[in-house]
Amino acid sequence: NGAPITNITCAVACASVFGIELNMNNLILLGVYAVVASFGNPGVPGGGIVSMAIVFQMIGIPIEGVAIFAGLDYFFSLTRAPLNIIGNVYSSLIVGNKMKEFDKEIFNS
């Protein structure tokens, strides 16, 4: 899931734009908040904006900062959602194969 990395990068950049200093405690909390906020959006295009708004509010960055990255998130979502879905499919195939529950004949037919 690339959303936490995107949210952290955007939050640090936005904090710089607004002149907000982030100390080590804020950066650690930012990482935790970004991971928790992004649990529900891997397969949802545009879900990164919602998690970014949550992270910005939790860390104390003005919500207006989300508008700076709203146009970019569309392009991030175009690549993030399909890659996460493909990753889930391959992971399911690997686990099913290891557990001897994957029938290749049915899959290929």
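The notes below deal with the structure included here. Since the structure is predicted, the reported quantities are computational estimates derived from the model, not experimental observations. (Residues numbered from 1 in each chain as written. Predicted model: local features only at pLDDT ≥ 70, side-chain atom pairs only at ≥ 80, totals over all residues. Heavy atoms only, no water.)

## Considering the environment of S77
For clarity, the cut-off: A run of H or I in DSSP becomes a helix once it reaches four residues, and a run of E becomes a strand once it reaches two; helices and strands are each numbered from the N terminus. Only protein chains enter the accessibility calculation, which uses a 1.4 Å probe. A residue is then buried if its area is under 20% of the maximum for its type, exposed if over 50%, and partly exposed in between.
In this structure, S77 sits in helix 4 (residues 66-98). Note on S77: relative accessible area 6%, which makes it buried.

## Here we look at a nonpolar patch on the surface
Keep this limit in mind: Like-charged residues are merged into a patch within 9 Å and nonpolar side chains (Val, Leu, Ile, Met, Phe, Trp, Tyr) within 5 Å, provided each residue has over 30% relative accessible area and no salt bridge. Only the protein chains shown count as cover for residues, and all accessible areas are computed by the Shrake-Rupley method using a 1.4 Å probe. For this document, the term salt bridge refers to a Lys or Arg side-chain nitrogen within 4 Å of an Asp or Glu carboxyl oxygen.
A surface patch of nonpolar side chains, about 740 Å² in accessible area, is lined by V12, M24, L27, I28, V32, V35, V36 and F39. With 6 residues, helix 2 (residues 24-37) is the single largest residue contributor to the nonpolar patch. You can see V12 is positioned in helix 1 (residues 3-18). Classification of V12 by relative accessible area gives partly exposed; the value is 37%.

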